[in-house]
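Given next are the chains, with one letter for each unit.
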Amino acid sequence: MATNSAIEWTEVTWNPVTGCDRVAAGCDNCYALALAKRLKAMGAEKYQNDGDPRTSGPGFGVTAHPRALTEPYRWRTPKVVFVNSMSDLFHAKVPLDFIRDVFDVIRETPQHTYQVLTKRAHRTARIADKLDWPKNLWMGVSVESYDVVDRIDHLRAVPAATRFLSCEPLLTALPGLKLDGIDWVIAGGESGPRARPMDPAWVEDIRDQCVEAGVAFFFKQWGGRTPKANGRELDGRTWDDMPQLAAALG
């Protein structure tokens, strides 16, 4: 089933794959890893496979769920869908054929807008020519710190109709971003009890770069233990620009 999402830039989540492995500093306080452990303890069917304890955890072993592929066909109204909020579609353990199956579902439900976000930008670019890219798929990469900005170059090599960056949790300044070929940038601070602090100047600079480049900018949150309490305003306004949704394109 699709799950209504509290994430400000989407509406529902759809998880045909679950499980992942930590690969970068942005993964250190992964919400999905902690949630998978709880879901396993509750007996949730999707979360019974354990991952490597060095990089993953209980209930968080990478697992494809073919039965979940039928879900979008049953949604009666157009939706904005975050694909694999509990995994990474381009994880090395996700077979190419299953990625193709996911893309087929996306293509066959053009009324929905699908958002795919990865930290495995290198694999995404490497297999991009083996995939038939649907027009209603937005492809994004996480860019949480300056040492991973090369992911943007890999994203530019992907023939997605819409490309975006998720600078969350924002851990460092990101000066001089190359935003050509990028349609949307999300920025936000880390949330939770071990949240690392975000300098407001980092967000302001990303916003200014987007404005100068004509790229849609979305500020998600300031972060912290209780991120909702801090609101979403940046310099006195809410920044929630987005590319045009598939439903609006007809």
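Thresholds applied
- Residues numbered from 1 in each chain as written.
- Predicted model: local features only at pLDDT ≥ 70, side-chain atom pairs only at ≥ 80, totals over all residues.
- Heavy atoms only, no water.
- Pairing = 2+ DSSP bridges.
- Helix = DSSP H or I, 4+ residues; strand = E, 2+ residues; numbered from the N terminus.
- Contact = heavy atoms within 4.5 Å.
- Axes fitted to C-alpha atoms, helices over the stretch in contact; angles between N-to-C directions.
- Core = buried A, V, L, I, M, F, W, Y, C linked by side-chain atoms within 4.5 Å.
- Buried < 20%, exposed > 50% of the residue type's maximum accessible area, 1.4 Å probe, protein only.
- 1 Å grid on protein atoms, 1.4 Å probe; cavity = no way out; pocket = protein on both sides within 12 Å on 5 of 7 lines; lining within 4 Å.
- Points joined across faces, edges and corners; volume = space filled by probe spheres on them.
- Polar contact = N/O pair within 3.5 Å; in protein donor to acceptor, adjacent residues only side chain to side chain.
- Disulfide = S-S within 2.5 Å.

By the naming in an unreviewed UniProt entry, the protein is Phage Gp37/Gp68 family protein, taken from Nocardioides aquaticus.

Another point: the sheet that holds strand β5 (residues 80-83). Taken together, eight strands build an open sheet; the order of strands is β1-β2-β5-β6-β7-β8-β9-β10 and the sheet is mixed. Sheet topology places β1 (3-4) and β10 (216-221) at the edges, where each strand pairs with a single neighbour. With five bridges joining them, strand β7 (residues 137-142) and strand β8 (residues 162-167) adopt parallel strand pairing. Residue pairing across strands places Met-139 opposite Arg-163, the latter belonging to β8. Its contacts with the sheet place helix α5 (residues 200-213) against β8, β9 (184-188) and β10, and it is angled at close to 160 degrees to β10.

Once that is clear, we can look at the nonpolar core. Ranked by internal contacts, the top residues of the largest apolar core, which has 52 residues, are Trp-14, Phe-90, Trp-133, Leu-165, Val-185 and Phe-217. Of all the elements, helix α2 (residues 96-108) adds the most residues to this core, at six residues. The contacts of Trp-133, once residues within four sequence positions are left out, are Phe-90, Phe-103, Arg-107, Thr-124, Ala-128, Met-139, Val-158, Pro-159 and Ala-160. With ten residues, the next largest nonpolar core counts Ile-7, Phe-82, Trp-138 and Ala-216 among its residues.

What the second largest pocket holds in volume is close to 160 Å³. Taken together, Glu-45, Lys-46, His-65, Arg-67, Ala-68 and Glu-71 make up the full set of residues lining the second largest pocket.

Let us look at the side chain of Thr-18. Considering the arrangement of structural elements, one finds Thr-18 in strand β3 (residues 17-18). From its side chain, Thr-18 meets the backbone oxygen of Lys-46 in a polar contact 3.3 Å long. Apart from the residues within four sequence positions on either side, Thr-18 is in contact with Lys-46, Tyr-47, Gly-61, Val-62, Thr-63, His-65, Met-86 and Ser-87.

Time to look at the state of the cysteines. Throughout the structure, instances matching the rule amount to zero disulfides. Cysteine Cys-167 shares no disulfide, and the gap to the nearest cysteine sulfur, in Cys-210, comes to 7.6 Å. Given a relative accessible area of 0%, Cys-167 falls into the buried group. Take Cys-210: its relative accessible area is 0%, and that puts it in the buried class.

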